Amino acid sequence: MKQFIAMLCLLFIFLGSALAKNSKDSQKSYHKDKKEHRHHDKHDDDDDDNDDDDDDRCEKTEFKSWDKLKTSRALTYVEDESSISVTSTCKIKFHKDFSFSTTKDLSISAKKIEFKKDTSLIAKRLLLAGSKELKFKKKSKLCADVIILETAKLKNEGEICPQTQVLGSAVGEVSAVAILEVSSDSDIVPAEARFDWSKSFGVFTATTIDLGDGRSLTSSDKSVTASYEVAGSFNTSVTLSTPSGEIKSNIVALELKEPNPIADFGIWHIIHRGGTPPEIWFSPSIYPIIDQTTQIKEYRWRFGEGTELVMPFNESPSGFVSFNYPSMGVYDVEVDVITVDGFSKTAALTVDLNNPSVPVPKYRVSSFKGASPLTVTFSGEAYDGPGETITYNWFFADTGEQYFGSQYQEVTHTFHSEGIHYVYLETRDDLRGRRITYIPIYVGDVPEFNGVAPVAIADSSARFGEGPLTVDFSAVRSFDPSGSDIPLSYHWDFGDYRSGELNQVMSANASHSFNQPGSYFVNLTVTNSLGLSHSEFLLVSVDGPEVNDIDFEVTPTGNLNEFALVLTATF
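Residues numbered from 1 in each chain as written. Predicted model: local features only at pLDDT ≥ 70, side-chain atom pairs only at ≥ 80, totals over all residues. Heavy atoms only, no water.

**Some remarks on the overall build of the chain**
Next, step 1: Of regular secondary structure, the chain possesses two helices and 48 strands.
Next, step 2: Taking as baseline every contact in the chain between residues at least 6 positions apart, the subset at least 24 positions apart corresponds to 49%. (Helix = DSSP H or I, 4+ residues; strand = E, 2+ residues; numbered from the N terminus. Contact = heavy atoms within 4.5 Å.)

As structure tokens, then:
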């Protein structure tokens, strides 16, 4: 019995000791939990990183400033003129009070991305891609035109600026913004067009391009080219494949036209009447200027002094028009040729009505004399004012061959019959001014060859005007085909016999005043040291219609260096 009582006492002592120990341990545990709870309350913006055990292998990626992020070796940082890209295989955490603003596109990709309290991030367009999680604490703020959130898990207690478009799989939207730009190397087929969607933004993979003509292309790049052979209007677009669906871009219209059927052309014109007001005739210089399948609708003339004229095709199929200018001067003339299909082409011309000069019929020949058969090369060296186009007209009476056009600056001819052959050379400029000369070629047994007569060139400061009219004359452009060192003498006859002794001048340059109304035939005779001479004529009209176009025909009489002259003036 005593033993039993002793055992009970030991049991009670053991139980008391255990209960006391448990109570002490409980108090310790309570105080520990209370301490940890107070610590948690003090730092309520810190995270429980137990779920980041797999990030222990990563370098520290918690950033207090953008400069620290840019220089971190724990991530990849790429920046160009329009965008910034930040990539990490670990977690990126933006520390409390972190702030960054940029006008560029910004993309941040990591396993997890976390924004602490009081953080701020501003960009033009913003992509946040956390493969496992995106977390935004209270008072964190994101601002951009477009924010794309890509993640498997989103915890958002932060703020997104108003007017921001939020996209991405995290919010049940597509994960990209599709933008297409289209350009072509020509607006006329065949053409090659370039489709560029590099300004698209977000997460996307495969791309489909609708070419607008029933064709489509697929590409993993950000641009592609395609050829078009047929004209038309094509509505093109690009469709991007994103993790949460497809997104189609804006529609871009591509306009391609057929080749212009209107050939290049110039403006033909003549001074039909000088004086006040001067009358000028115009027309497109080539007719027909389009192919047979295209119909001209109208001609649109602009005469350079403010007047515009629309000339329908049925009123003037060639585009010819006559226009009276208010005064002599320099005018910039333009004409548009418009077809019924909407094609157009423009030609322009500067008309100097003060320029009365005509081209100098200067020439070179390979030989003036030789035995039959004699092959001679004739080279035109005519010149006039700046920008003038010289047209040549060669005529060979022995065979009847004729070469007419600006392309015939040089021609070759073979003379088979003996005798003196006079080659006709006429030079014309854009203003209807022209000069004619005859080139003698001596073939076989002919009278003694004493040389070639010079070529007289008479220039004047005016050909028409109101009296009294003072005109300056010059013969300095006259020349001798045999050589530039042969001296020349000059004789002017102004055809104004009422002026007495003032009617004739013996010099290269002269001036004369015409005091009475009328038309005056001015004659220049140029003689070389061999006694051979040549004459040229001008017509000066005072207080009357201009006779700018004198036709004078100089024909050989059969006698050596003797010619017959016929003058025809058109008023």
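That shown, we press on.
**Comments concerning the pairing of strand E25 (residues 279-284)**
Moving residue by residue along a regular strand, the side chains alternate between the two faces of the sheet.
Next, step 1: Within E25, five of the six residues are buried, which leaves the element mostly enclosed by the surrounding structure.
Next, step 2: Where E25 and strand E28 (residues 321-324) come together, four bridges link them in antiparallel fashion. Within the sheet, the bridge partner assigned to tryptophan 281 lies in E28 and is serine 322. (Buried < 20%, exposed > 50% of the residue type's maximum accessible area, 1.4 Å probe, protein only. Pairing = 2+ DSSP bridges.)

**Describing the pairing of strand E42 (residues 488-493)**
Next, step 1: Of the pairings in the sheet, the one linking E42 to strand E45 (residues 518-528) comprises six bridges and is antiparallel in character. Looking at the pairing, serine 489 lines up with threonine 527 of E45.
Next, step 2: Here E42 runs beside strand E43 (residues 504-505); their pairing, made up of two bridges, is antiparallel. Its bridge partner lying in E43, tryptophan 492 is registered against valine 505.

**What to know about unusual backbone geometry**
Next, step 1: Residue valine 189 is joined to proline 190 through a cis peptide bond whose omega torsion reads 0°.
Next, step 2: Within the fold, proline 190 resides in the loop between strand E15 (181-184) and strand E16 (191-196).
Next, step 3: Of note, the bond from serine 372 into proline 373 is cis; its omega dihedral lies within 30 degrees of zero at -5°.
Next, step 4: With respect to the element layout, proline 373 can be found in the loop between strand E32 (369-370) and strand E33 (374-380).
Next, step 5: With phi around 75°, aspartate 97 is a residue other than glycine that occupies positive phi space.
Next, step 6: Among the structural elements, aspartate 97 can be located in the loop between strand E4 (91-94) and strand E5 (99-101).

**Details of the confidence of the model for the chain**
Next, step 1: Of the residues in the chain, 78% reach a pLDDT of 70 or more, and the chain-wide mean stands at 81.
Next, step 2: The low-confidence segment residues 26-53 (pLDDT under 50) makes 14 contacts with residues lying over four places distant or belonging to another chain.
Next, step 3: Between residues 545-550, whose pLDDT stays under 50, and residues either more than four places distant or in other chains, the model counts 26 contacts. (pLDDT = per-residue confidence, 0-100.)

**Here we look at the state of the cysteines**
Next, step 1: The full count for this structure, using the stated rule, is one disulfide.
Next, step 2: The side chain of cysteine 143 participates in a disulfide bridge whose partner is cysteine 161; the two sulfur atoms lie 1.6 Å from each other. On the criterion of sequence distance, the pair formed by cysteine 143 in strand E9 (residues 141-143) and cysteine 161 in the loop between strand E12 (159-160) and strand E13 (165-167) is long-range, its members being 18 residues apart. For the pair cysteine 143 and cysteine 161, a shared accessibility class is recorded, and that class is buried. (Disulfide = S-S within 2.5 Å.)

**Comments concerning the side chain of threonine 102**
Next, step 1: You can see threonine 102 is positioned in the loop between E5 and strand E6 (105-115).
Next, step 2: Exposure remark for threonine 102: the relative accessible area of 12% places this residue in the buried category.
Next, step 3: At 3.1 Å, the side chain of threonine 102 forms a polar contact with the backbone nitrogen of lysine 104.
Next, step 4: Ignoring sequence-local partners within four residues, the contact set of threonine 102 consists of Ile84, Ile122, Ala123 and Lys124. (Polar contact = N/O pair within 3.5 Å; in protein donor to acceptor, adjacent residues only side chain to side chain.)

**Remarks on the nonpolar core**
Next, step 1: One finds Ile108, Leu121, Leu126 and Leu128 to be the most contacted residues of the largest nonpolar core, which totals 25 residues.
Next, step 2: Of all elements in the fold, only helix H2 (66-70), strand E3 (83-87), E4, E6, strand E8 (125-136) and strand E10 (146-151) reach the threshold of two or more residues within this core.
Next, step 3: Counting residues per element, this core draws most heavily on E6, at five residues.
Next, step 4: Excluding residues that lie within four positions of it along the chain, leucine 126 makes contacts with Leu106, Leu121, Leu142, Ala144, Val146, Ile147, Ile148 and Phe201.
Next, step 5: Judged by nonpolar contacts, the second largest core, of 22 residues, contains Phe368, Ile390, Phe396 and Ile439. (Core = buried A, V, L, I, M, F, W, Y, C linked by side-chain atoms within 4.5 Å.)

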